[in-house]
Amino acid sequence: MRTSGPIPATTTLAGLHGQRPAFLSAHAKGIVLLGLAIVIWGINWPVMKSGLSHIGPYWFSATRFALGGLCLFALQIATGTLRLPTKRDLPLVLSVGLVQMLTFTLLGAIAMTEIPAGRSAVLAYTTPLWVTPITILFFRERLTRNQAIGIGLGIVGVVALFNPFTLDWSNTFQLKANLMLLSASFCWALCIIHLRYYKGDSSAYQLAPWQMLMATLPLIAIAYIVEGPYSGDGTANFWTTILFVGPVATAFCFCAVNAASMWLSSTNMATAMLGVPVIGLLSAVLFLGEQLTVGLTIGVIAIVSGIFIVSLRSKKTVHIQP
């Protein structure tokens, strides 16, 4: 019996080869994975803020990378993909492990004990605004009009967040916390530049567990010196937070973003990551009851717009880690 129309190509191929058509294209899979990572990383900021009421910031940072690293070691051992870093990989293990993971995370955790999670997420993601001036000054890259506009908007946003009329200048702890977040963002920028101009032998996925190990070991020593014995209170809320931040927000999200980077352009990746501070801010308002002030709103719009414009010219792959 003849059909009333042409047979769909997918049906024909499935019949000829006995295979089902792919449910999602590689591009669609990349979008789904990146979207999940962005949502999880955004929600992770208020989760971390909540978790810091159950454990000190030093032990919190150590536990995060210990659990994340164990998950990635287990996954790579199970799939036969674990490999030792080569001599050429060591600079990347050291810079990402000690500067981005250890320093960025620890400064952010300490800062969040003093200031709201939403504000922390926005300031921590000013990283692209640091990258462009550094590459212009030290690597002689030319400043485009988009970069100039983007950096200008970013500066306006930071000034709005540091409104001298709203800051409590007598509260030195809050002032230091804000500077810690900007310093953390600067550290992340240094690692992005290192990864842009230096190539190792192994992939980011292969190096990730070793970088997390490099961050975990000194963090454990520092935490013990500063905070004493392990400070986690062992409550249900504590374990819920730790299991979300370590295996999910660290290990899973790293794998998801790494996979998405194979199917999406780096420009799309960098632009999409702007969703993290926005989701972080909104989820902090929704779940923690933080206030969305006029100054904070202006700062967020200006910083996100500035990073978006700066990201439009980026065509090189960057290493992303919340």
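Worth saying up front: this structure is predicted, and the values here are computed from it rather than measured.

Here we take up the overall build of the protein. Each helix and strand counted, the protein has 13 helices and zero strands in total. What you see in the protein, going N to C, is helices and strands ordered as α-α-α-α-α-α-α-α-α-α-α-α-α. By the burial criterion, 47% of the 322 residues in the protein qualify as buried. Within the protein, contacts between residues at least 6 apart in sequence are counted, and of these 91% link residues at least 24 apart. If you sum the accessible surface of the protein, you get close to 15900 Å²; carbon and sulfur atoms cover 70% of it.

A word on the packing of helix H3 (residues 57-79) against helix H9 (residues 204-227). At their nearest, the axes of H3 and H9 sit 8 Å apart, and the two run at 150° to each other. Taken as axis vectors, H3 and H9 run roughly antiparallel relative to one another. Viewed along their axes, H3 and H9 form a crossing whose handedness is left-handed.

With 26 residues, helix H2 (residues 26-51) extends 36 Å between its outermost C-alpha atoms, agreeing within 8% with the 38 Å of an ideal straight helix rising 1.5 Å per residue. At Trp-45, H2 shows its maximal bend, which comes to roughly 30°, and the proline Pro-46 appears one to four places after that position.

Checked against the element boundaries, His-27 lands in helix H2. The spatial distance from the C-alpha of His-27 to the C-alpha of Met-262 is 9.1 Å, given a sequence separation of 235 residues. Leaving out residues up to four positions away in the same chain, His-27 has contacts with Trp-263 and Leu-264.

Turning our eyes to something else, we now look at the nonpolar core. Counting residues in each nonpolar core, the largest one holds 80 residues, and the members touching the most others are Leu-34, Trp-41, Trp-45, Phe-60 and Tyr-125. Ranked by residue count, the leading element in this core is helix H4 (residues 90-112), at twelve residues. Contact partners of Phe-60, with chain neighbours within four places excluded, come to Met-48, Leu-52, Ile-55, Ala-109, Thr-241, Ile-242 and Val-245.

This brings us to the confidence of the model for the protein. For the protein, per-residue confidence averages 84 on the pLDDT scale, and 86% of positions sit at 70 or higher. No element of the protein has a lower mean pLDDT than helix H1 (residues 9-17), at 42, and none a higher one than H3, at 97. Counting interchain partners and residues more than four positions distant, the pLDDT-below-50 stretch residues 1-19 has five contacts. For the stretch residues 314-321, pLDDT sits under 50, and the model shows 31 contacts to residues farther than four places along the chain or on other chains.

To continue, consider the packing of helix H6 (residues 127-139) against helix H7 (residues 145-161). At a minimum axis distance of 10 Å, the contact between H6 and H7 shows a crossing angle of 130°. It follows that H6 is oblique to H7 by the angle criterion. The element H6 and its partner H7 pack so that their crossing is left-handed. Here Leu-129, Thr-132 and Pro-133 of H6 lie close against H7, whose contacting residues are Gln-147, Gly-150, Ile-151 and Gly-154. A class-by-class count of the residues in the contact of H6 with H7 yields three nonpolar, four polar and no charged.

Next up on the list: the packing of aromatic side chains. On inspection of all chains with the given rule, the structure shows eight aromatic pairs. Where Phe-73 meets Trp-210, the ring centres are 5.0 Å apart and the plane angle is 90°; that geometry is what we call edge-to-face. Placement of the pair is Phe-73 in helix H3 and Trp-210 in helix H9, with a sequence separation of 137 residues. Look at Phe-73 and you get buried, because its relative accessible area is 17%. A centroid spacing of 6.4 Å and a plane angle of 75° characterise the contact between Tyr-230 and Phe-238, whose relative ring orientation is edge-to-face.

Below, the discussion takes up the state of the cysteines. By the definition in use, this model includes zero disulfides. Free of any disulfide, Cys-187 has its nearest cysteine sulfur in Cys-191, 7.6 Å distant. Overall, the relative accessible area of 15% leaves Cys-187 in the buried class.

What counts, and at which threshold
- Residues numbered from 1 in each chain as written.
- Predicted model: local features only at pLDDT ≥ 70, side-chain atom pairs only at ≥ 80, totals over all residues.
- Heavy atoms only, no water.
- Helix = DSSP H or I, 4+ residues; strand = E, 2+ residues; numbered from the N terminus.
- Buried < 20%, exposed > 50% of the residue type's maximum accessible area, 1.4 Å probe, protein only.
- Contact = heavy atoms within 4.5 Å.
- Areas by Shrake-Rupley, 256 points an atom, 1.4 Å probe, with all protein chains shown as cover.
- Axes fitted to C-alpha atoms, helices over the stretch in contact; angles between N-to-C directions.
- Parallel < 35°, antiparallel > 145°, perpendicular 65-115°, else oblique.
- Left-handed = near helix turned anticlockwise from the far one by under 90°.
- Expected span 1.5 Å × (residues − 1).
- Bend = angle between axes of the 7 residues up to and from the residue.
- Core = buried A, V, L, I, M, F, W, Y, C linked by side-chain atoms within 4.5 Å.
- pLDDT = per-residue confidence, 0-100.
- Nonpolar A, V, L, I, M, F, W, Y, C, P; charged D, E, K, R; others polar.
- Phe/Tyr/Trp six-rings, centres within 6.5 Å; stacked < 30°, edge-to-face > 60°.
- Disulfide = S-S within 2.5 Å.

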